[in-house]
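Structure assessment
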Amino acid sequence: MSTTERPEIDKFTATQGLPLRQKHSIILAALDAIGDVMEQELKLQALTPDRGPSVTDIVYRQLYDGIVCLDMPPGTKLSEADVAQKLAVSRQPVRDAFYRLSQQGFLLIRPQRATVVTQISTAAVHKARFIRTALEIETCCTAITKATSADIMRLEENLRLQKQVLNSGSRDDFHELDDEFHATICATAGHPEVWTLIKDNKAHMDRVRYLSLDKEGTQIAYDEHCEILKALINKDKTKVTEAIRSHLNRISKSISTIRAEHINYFDEEDREL
């Protein structure tokens, strides 16, 4: 906006010949008016909060899901050019997605060489389990005090679908319902954002957990979910704490067996254990 469109600018020149105190008052009023106009202009440039995911977000999610679900097992080589071509996007969002995944420990980026999906680290899995257990115990205990009949019905419906999936043997479907069950508990507690924190920290667990979701593994997970919901319904904080701890600690008990069955998926230090 030019000065000719701002009549308050003229107030500066109109102070000539006036007493100092009056000049000061006029100048302060003019500055306030300019500030109001600038504030209005800044507000017009505010971004809408409901914008959709970026291209980078979409590329990241596809790669993340492929790595966690082992469609891209450890050792898989990736290149920016190939991924960009297959997804029909430019190389920049692929490069950004690669960087995000490398920061999470899922990709090893090597200059002038192919990017590689990292091996599974047992240490990273145990760290992720510790963080997730702490968050979920607190969340479940809070959910006990806030759960409504509608919340319980949503969790019961989720378990009904889990039971159906048990018969079909679909690991992908069970994995999705498993996550939805825990996310619903976070929402019930009034803290849906906690699920985002859990997802960011549990990804290393997920690769191992996905390997454990055979027929027996999914049945055990389903039974444990039923125990968690039972404790929630009964408003028993001691039982829900025990149920969550047992449910999430199962990976610590089974990781040695899983590592022995999929030795090439684990990093070299783990192979020597």
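Below or above, wherever it landed, is the structure these notes cover. This structure is a prediction, so every number in the text was calculated from the model and none was measured. (Residues numbered from 1 in each chain as written. Predicted model: local features only at pLDDT ≥ 70, side-chain atom pairs only at ≥ 80, totals over all residues. Heavy atoms only, no water.)

Comments concerning the overall build of the protein chain
Looking only at helices and strands, the protein chain has 12 helices and 3 strands in total. Of all 273 residues assigned to the protein chain, the portion counted as buried reaches 38%. Restricting to contacts in the protein chain with at least 6 residues of sequence separation, those with at least 24 account for 71%. Element-wise, carbon and sulfur atoms account for 54% of the exposed surface of the protein chain, whose accessible area totals about 16100 Å². (Helix = DSSP H or I, 4+ residues; strand = E, 2+ residues; numbered from the N terminus. Buried < 20%, exposed > 50% of the residue type's maximum accessible area, 1.4 Å probe, protein only. Contact = heavy atoms within 4.5 Å. Areas by Shrake-Rupley, 256 points an atom, 1.4 Å probe, with all protein chains shown as cover.)

Describing the side chain of His175
For His175, the position within the fold is in helix H8 (residues 171–188). By relative accessible area, which is 9% here, His175 ends up buried.

Some thoughts on unusual backbone geometry
Most peptide bonds adopt trans geometry, and most residues besides glycine take a negative phi value. Of note in this structure, Leu70 is not a glycine but carries a positive phi near 65°. Mapped onto the secondary structure, Leu70 falls in the loop between helix H3 (55–68) and strand S1 (77–78). For Leu70, a relative accessible area of 13% translates into the label buried.

Remarks on the sheet that holds strand S2 (residues 107–108)
Pairing is antiparallel in the open sheet, where 3 strands are placed in the order S1-S3-S2. One side of each edge strand has no neighbouring strand; the edge strands of this open sheet are S1 and S2. Across 2 bridges, S1 lies against strand S3 (residues 115–117) in antiparallel orientation. Bridged to Lys77 within S3 is Val116. (Pairing = 2+ DSSP bridges.)

A short note on the pattern of salt bridges
Taken as a whole and assessed by the stated rule, the structure comprises 13 salt bridges. The shortest N-O distance in the salt bridge between Arg91 and Glu80 comes to 3.5 Å. Of this pair, Arg91 sits in helix H5 (residues 91–103) while Glu80 sits in helix H4 (residues 80–87), placing them 11 residues apart in sequence. Residue Glu80 is classed as buried on the basis of its relative accessible area, which comes to 17%. Salt-bridge contacts for Glu136 lead to Arg132; the nearest nitrogen and oxygen are separated by 2.5 Å. Remark: Arg132 and Glu136 occur in helix H6 (residues 122–146); sequence separation between them is 4 residues, near one turn of the helix. For the pair shown, Glu136 and Arg132 are each scored as buried. Linked through salt bridges whose partners overlap, the residues forming this network are Asp178, Asp179, Lys202, Asp206 and Arg209. (Salt bridge = Lys/Arg side-chain N within 4 Å of Asp/Glu carboxyl O.)

Thoughts on the nonpolar core
Counting 26 residues, the largest nonpolar core has Phe174, Phe181, Ile185, Ile228, Leu232 and Val240 as the members making the most contacts within it. Mapped by element, the contributors of at least two residues to this core are H6, helix H7 (149–168), H8, helix H10 (215–233) and helix H11 (237–261). It is H10 that provides the largest number of residues to this core, a total of 6 residues. Among all residues touching Phe174, those that are not within four sequence positions of it are Gln162, Val165, Leu166, Leu213, Thr218, Ala221 and Tyr222. In this structure, Val59, Ala84, Phe98 and Val117 belong to the second largest nonpolar core, which totals 17 residues. (Core = buried A, V, L, I, M, F, W, Y, C linked by side-chain atoms within 4.5 Å.)

Read these as layout, nothing more, since geometry by itself doesn't imply function.
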